Amino acid sequence: MKQVRKIIFTIVGTVLCLSFVACNDSNENENRESTSIAVNPSKVFTGGLPKSVSGMSISQNEEGLVTSITTDEGEKAVFEYFPVTRAEASINSARITVTDEDGDVTELNLQLNSDGYVKYCKSIDHAGTPDADEFTWKLEYDTEGHLIEMRRSESDGELTRITYKDGDVVATSTQSFLDDGGEDINGDGKIDNQDIWPDTKIYYTTDEITTPIENKGCLMMFNELLDVDMDEMIYAYYGGMLGTATKHLPLRMHAPYGHDSQGFYFSDYDFKWTLNSNGYPTELIAKKLGEGTWEGKYLFAW
């Protein structure tokens with residue numbers, strides 16, 4: 001599934017602030033309000049942005065802002081940041097335009113909070129065509145900058161919650177069809193508490209690894225490691241606009257994958273990391289255990 005007049009760039013350290021100024025037309029020197037939106041990838045990636053993540057190559061400009069991300073499959077995300085000269089700046093703080101390998105375009109029109117993280121997005125699927133379709137995202141963060149809630153208008157209303165404990169994601173959940181009162185998941189002919197999709201559980205130690213592995217690279221692979229479907233919004237994370245990372249790298253996931261009248265079914269996944277001499281991941285092997293087992297390999301460069 002796919003989502004006011006002079007340029008002022010103030011650089012302090014590695015922080016780029018985009019300043020939006022609204023002035024009273026009758027007197028530009030009075031009743032002036034100014035709000036600064038800081039887009040700062042180095043605040044999220046404290047040890048520096050990766051050069052590539054799982055087939056995604058990341059490009060930055062001299063100010064440290066991400067300008068584009070290209071995947072091995074040929075998909076490309078282009079980043080725009082709107083200064084005050086753009087009339088659109090009062091509505092959108094940034095835009096990510098994603099063009100897939102078939103030429104289909106998705107626009108993510110982003111409004112950012114005071115930390116530079118996405119708080120609202122109007123996503124346009126199949127942008128520029130008669131089939132264009134709009135969806136919205138509303139996102140919330142905790143006091144430490146972690147993304148904890150995401151409301152999407154797709155699937156007739158979808159709510160994702162991300163639960164943190166001591167700086168790590170310990171559970172995620174996604175409920176769909178909220179605008180229609182929910183979904184009869186267990187097929188008993190009624191919608192009740194038995195139709196709430198169970199949480200996915202995330203673990204940071206195993207029998208073999210009893211000390212959690214520090215997340216020095218600040219990786220957040222929402223889909224693969226946390227069971228959170230981000231679609232094109234994942235690009236916003238690597239642009240430094242989707243909150244801060246977990247303290248440690250996930251090692252195991254217990255996730256629901258199906259249901260029937262007897263209840264829910266779960267899959268277990270193991271995550272094995274290879275680190276370089278500086279403690280940054282260079283490889284991840286994700287393995288689904290039990291019936292239908294499979295392995296996925298992900299590479300990282302710094």
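Note that this is a predicted model, so its numbers are computed, not measured. (Residues numbered from 1 in each chain as written. Predicted model: local features only at pLDDT ≥ 70, side-chain atom pairs only at ≥ 80, totals over all residues. Heavy atoms only, no water.)

Here we look at the overall build of the protein
Across its full length, the protein holds three helices and 19 strands. Going through the 302 residues of the protein one by one, you find that 46% of them count as buried. Here the protein has roughly 15,300 Å² of accessible surface; of this, 46% comes from carbon and sulfur atoms. (Helix = DSSP H or I, 4+ residues; strand = E, 2+ residues; numbered from the N terminus. Buried < 20%, exposed > 50% of the residue type's maximum accessible area, 1.4 Å probe, protein only. Areas by Shrake-Rupley, 256 points an atom, 1.4 Å probe, with all protein chains shown as cover.)

Points about the pattern of salt bridges
Taken as a whole and assessed by the stated rule, the structure comprises eight salt bridges. The salt bridge partner of Glu154 is Arg152, with a shortest N-O separation of 2.7 Å. Exposure remark for Arg152: the relative accessible area of 4% places this residue in the buried category. One salt bridge in this structure joins Arg152 and Glu158, with 3.6 Å as the shortest N-O distance. The exposure class of Glu158 is buried, given its relative accessible area of 12%. (Salt bridge = Lys/Arg side-chain N within 4 Å of Asp/Glu carboxyl O.)

Focus: a negative patch on the surface
A cluster of like negative charges, contributed by Asp72, Glu73, Glu101 and Asp102, occupies part of the molecular surface. Mapping Asp102 onto the fold places it in the loop between strand E8 (94–99) and strand E9 (105–112). For Asp102, a relative accessible area of 70% corresponds to the exposed category. (Patch = residues over 30% accessible without salt bridge, like charges linked within 9 Å, V, L, I, M, F, W, Y side chains within 5 Å. Lys, Arg positive; Asp, Glu negative; His and termini not counted. Charge placed at Lys NZ, Arg CZ, Asp CG, Glu CD.)

Comments concerning the pairing of E8
With five of six residues buried, E8 is to be regarded as a mostly interior element. Pairing of strand E7 (residues 76–81) with E8, which is carried by six bridges, proceeds in the antiparallel orientation. Bridge pairing in E8 links Ala77 to Val98. Relative to E9, E8 is paired through six bridges, and the arrangement is antiparallel. By the bridge assignment, Arg95 is partnered in E9 with Asn109. Adjacent in sequence and paired antiparallel, E8 and E9 are bridged by five residues, among which Gly103 carries a positive phi angle near 90°. (Pairing = 2+ DSSP bridges.)

As for unusual backbone geometry
Here Cys218, not a glycine, exhibits a phi torsion of approximately 55°, which is positive. Turning to its location among the elements, Cys218 is positioned in the loop between strand E15 (200–203) and helix H2 (222–226). Among the residues examined, Cys218 registers a relative accessible area of 8% and is labelled buried.

Remarks on the environment of Gln111
With respect to the secondary-structure elements, Gln111 resides in strand E9. In sequence terms Gln111 and Ser93 are 18 residues apart; their C-alpha atoms lie 5.0 Å from each other.

Description of the environment of Glu140
Considering the arrangement of structural elements, one finds Glu140 in strand E11 (residues 133–141). Glu140 sits in the partly exposed class, given a relative accessible area of 44%. C-alpha of Glu140 to C-alpha of Arg151: the two residues are 11 residues apart in sequence and 8.9 Å apart in space. Glu140 has contacts with His146, Leu147, Ile148 and Glu149, leaving out every residue within four places of it along the chain. (Contact = heavy atoms within 4.5 Å.)

Focus on the packing of aromatic side chains
By the definition in use, this model includes 10 aromatic pairs. With 5.4 Å between their ring centres and 40° between their planes, Tyr117 and Tyr141 make a pair best called tilted. Here Tyr117 is found in the loop between E9 and strand E10 (118–125), whereas its partner Tyr141 is found in strand E11, with 24 residues between them in sequence. As far as the burial class goes, Tyr117 and Tyr141 line up, both buried. Geometrically, the ring pair formed by Tyr237 and Tyr238 is edge-to-face, given 5.1 Å between the ring centres and 90° between the ring planes. The residues Tyr237 and Tyr238 share a single accessibility class, namely buried. An aromatic cluster of three or more residues is present, and its members are Phe45, Phe222, Tyr237 and Tyr238. The ring centre of Tyr257 lies 5.5 Å from the NZ or CZ of Lys288, which sits over that ring. (Phe/Tyr/Trp six-rings, centres within 6.5 Å; stacked < 30°, edge-to-face > 60°. Lys NZ or Arg CZ within 6 Å of the ring centre and 35° of its normal.)

Some details on the side chain of Asn215
Residue position: Asn215 is located in the loop between E15 and H2. Setting aside chain neighbours within four positions, we find Asn215 in contact with Ala245, Thr246, Lys247, His248 and Leu249.

Some thoughts on the nonpolar core
Grouped together as the largest cluster of nonpolar side chains are 62 residues, with contacts concentrated most on Phe222, Tyr237, Tyr238, Met241 and Leu242. Per-element tally for this core: the top contributor is helix H3 (residues 234–238), with five residues. Among residues more than four places away in sequence, those in contact with Met241 are Val39, Phe79, Tyr81, Ala94, Ile96, Leu110, Leu112, Gly116, Tyr117, Val118, Tyr141 and Ala236. (Core = buried A, V, L, I, M, F, W, Y, C linked by side-chain atoms within 4.5 Å.)

Brief notes about the confidence of the model for the protein
Here the protein averages 84 in pLDDT, and 78% of its residues register 70 or above. Every residue in residues 1–36 is under pLDDT 50, and counting partners more than four places away or in other chains gives 89 contacts. (pLDDT = per-residue confidence, 0-100.)

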